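Reading the structure
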Amino acid sequence: MEVPDFGSDDERVARVDEYGFVRLAGSDAEELVSDYQAVLSRRAIKWRKLLQGSRLQRSLKVKRYIRKGIPNEYRSLIWMTVSGAQGQMENNPTYYKKLLEMEEDTKLVESIRTDINRTFPDNVQFRRTTNPSFLQPLFNVLVAYGNHNKTIGYCQGMNFVAGYLLIVTKDEEKSFWLLDSLIKKIVPDFYSPTMIGLKTDQEVLGHLVRLKVPAVAQLMEQHNVMWTLVVSRWFICLFIDILPVETVLRIWDCLFYEGSKITFRVALTLIKYHQASILEANNFPAICEKFKQITRGPLVQDCHGFMKKIFTEPGRLPLTVIAKLREISGAQLDDQS
């Protein structure tokens, strides 16, 4: 589908990709996506054989398949299965409908409405003029989750996460259950009033950088740059609007199967791979700018190559180490408060 030119001096024609995002035809990123489609076509044949007959079970083979990429036609099914969301939905068949029928929470609804129109302005599926539009389903998912989890309610950033889930599943009830699984298992306390989970994991990343990329850690400390200033959006939006769409989806494939350590692998890969560039910065603003630059360019546009790197570049990253660092970081944050 082609869309009108938006007044850019660039003479290339804008087009809409398979996820609804507007892209410039002929860009380097588009060429990479084209090459990647050939890879996915080969993977789709393997996935079709894997899924024939029996229900998907966790195994080393499935883990390997997921790391190599889930074709889009199977992504919703795989996410729902490996996250446990499918089981939750089947065990609670009327729960989502009941959440939407609850008495309106005015404060919750107002906070969601404030953000809803800011969700993916570059995606045609989130425009009121599109039919059907994802805006109403997105509103429903966020209201349902706010009624389901009164402690969190709604927090900025959740609209983008829920929006990605809708892009993949095209089903608001499935998106609700995936959002619940994601918040419960992968980003617990990221969206709570204190955001203690988010603060803790940012500190954990700081510890991991000291272990694996000490020169960058030293630079950050030398210029008093807090990790929250440069990586908070990486964590709270799980790389949405930070990295290219296909790369984010590949990251999420692994997140749903392997959990939050994938977030650290991605962050460490970006930092370690670009260490030399980051170390060129010699003041506070320059460091912040470097952390924006490292999320762009060929490394992250080649989602297949990037996903291979996140499992090699950071080295070993056992869950026991992450758990211990979370314990240490949590205690330090408690002392500070």
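Here the structure is a predicted model, which means the values were calculated and not measured.

1. Some remarks on the overall build of the protein chain
Within the protein chain, the regular secondary structure consists of 19 helices and two strands. Rg of the C-alpha trace for the protein chain: 20 Å, near the compact-globule value of 20 Å for 337 residues, within the 12% margin. In terms of principal-axis extent, the alpha carbons of the protein chain reach across some 50 × 50 × 50 Å. Taking as baseline every contact in the protein chain between residues at least 6 positions apart, the subset at least 24 positions apart corresponds to 70%. Seen as two clouds, the 44 positive and the 39 negative side-chain charges of the protein chain have centres 9 Å apart.

2. Some points on the nonpolar core
Among the nonpolar cores identified, the biggest contains 109 residues, and W234, W252, I271 and F291 are the most heavily contacted of them. Residue contacts for F291: discarding those within four places in its chain leaves V216, M220, W227, V230, W234, I271 and I278.

3. Observations concerning the confidence of the model for the protein chain
On average, the protein chain scores 90 in pLDDT, and the residues at 70 or more come to 93%. Taken as a whole, residues 1–11 scores under 50 in pLDDT and shows 14 contacts with residues more than four places along the chain or in a different chain.

4. Regarding unusual backbone geometry
For the peptide bond that leads from N131 to P132, omega is 0°, which places it in the cis range. Within the element layout of this structure, P132 appears in the loop between α6 (106–116) and α7 (135–148). In the Ramachandran plot, N224 falls in the positive-phi region, its phi being about 55° despite a non-glycine side chain. As for its placement among the helices and strands, N224 is situated in the loop between α11 (214–222) and α12 (227–236).

5. Topic: the packing of aromatic side chains
Applying the stated criterion to the full structure yields 20 aromatic pairs. A network of ring pairs unites the aromatic residues F21, W79, F120, F126, F134, F160, Y164, W252 and F256 as a single cluster. In this structure, R43 packs its charged tip against the face of Y65, placed 4.9 Å from the ring centre.

6. Quick notes on the pattern of salt bridges
One pass over the structure, following the stated rule, counts 11 salt bridges. Ionic pairing is found between E246 and R75, a salt bridge with its closest N-O pair at 3.7 Å. Placement of the pair is E246 in helix α13 (residues 245–258) and R75 in helix α3 (residues 72–83), with a sequence separation of 171 residues. One exposure class covers both E246 and R75, and it is buried. Three or more residues joined by partner-sharing salt bridges are found here, namely R75, E246 and D253.

7. Details of the environment of E103
As for its position among the elements, E103 is in the loop between α5 (95–100) and α6. Given the relative accessible area of 75%, E103 is considered exposed. In this structure, the C-alpha to C-alpha distance between E103 and A144, residues 41 residues apart in sequence, is 11 Å.

8. Structural notes on the packing of α7 against helix α9 (residues 172–186)
Relative orientation of the contacting elements α7 and α9 amounts to 45°, with a least axis distance of 9 Å. Relative to α9, the element α7 lies oblique. For the element pair α7 and α9, the recorded crossing hand is right-handed. Across the interface between the two elements, P137, N140, V141, A144, Y145 and H148 of α7 pack against E172, S175, F176, L179, D180 and I183 of α9.

9. Some words on helix α10 (residues 196–212)
Between the first and last C-alpha of α10 there are 24 Å, a value that for 17 residues agrees with the 24 Å anticipated at 1.5 Å per step. For α10, the full list of buried residues reads G197, L198, T200, D201, Q202, V204, L205, G206, H207, L208 and V209. Its buried side turned inward, α10 meets α11, α12, α14 (261–273) and α19 (319–336).

10. Describing a positive patch on the surface
Positive charge collects at one region of the surface, where K46, K49, K61, R64, K68 and K308 lie side by side. Only α1 (28–51) and α2 (60–67) provide two or more residues apiece to the positive patch. Along the polypeptide, K61 turns up in helix α2.

Parameters at a glance
Residues numbered from 1 in each chain as written. Predicted model: local features only at pLDDT ≥ 70, side-chain atom pairs only at ≥ 80, totals over all residues. Heavy atoms only, no water. Helix = DSSP H or I, 4+ residues; strand = E, 2+ residues; numbered from the N terminus. Rg over C-alpha atoms; globule rule 2.2 N^0.38 Å. Contact = heavy atoms within 4.5 Å. Lys, Arg positive; Asp, Glu negative; His and termini not counted. Charge placed at Lys NZ, Arg CZ, Asp CG, Glu CD. Core = buried A, V, L, I, M, F, W, Y, C linked by side-chain atoms within 4.5 Å. Buried < 20%, exposed > 50% of the residue type's maximum accessible area, 1.4 Å probe, protein only. pLDDT = per-residue confidence, 0-100. Phe/Tyr/Trp six-rings, centres within 6.5 Å; stacked < 30°, edge-to-face > 60°. Lys NZ or Arg CZ within 6 Å of the ring centre and 35° of its normal. Salt bridge = Lys/Arg side-chain N within 4 Å of Asp/Glu carboxyl O. Axes fitted to C-alpha atoms, helices over the stretch in contact; angles between N-to-C directions. Parallel < 35°, antiparallel > 145°, perpendicular 65-115°, else oblique. Left-handed = near helix turned anticlockwise from the far one by under 90°. Expected span 1.5 Å × (residues − 1). Patch = residues over 30% accessible without salt bridge, like charges linked within 9 Å, V, L, I, M, F, W, Y side chains within 5 Å. Areas by Shrake-Rupley, 256 points an atom, 1.4 Å probe, with all protein chains shown as cover.

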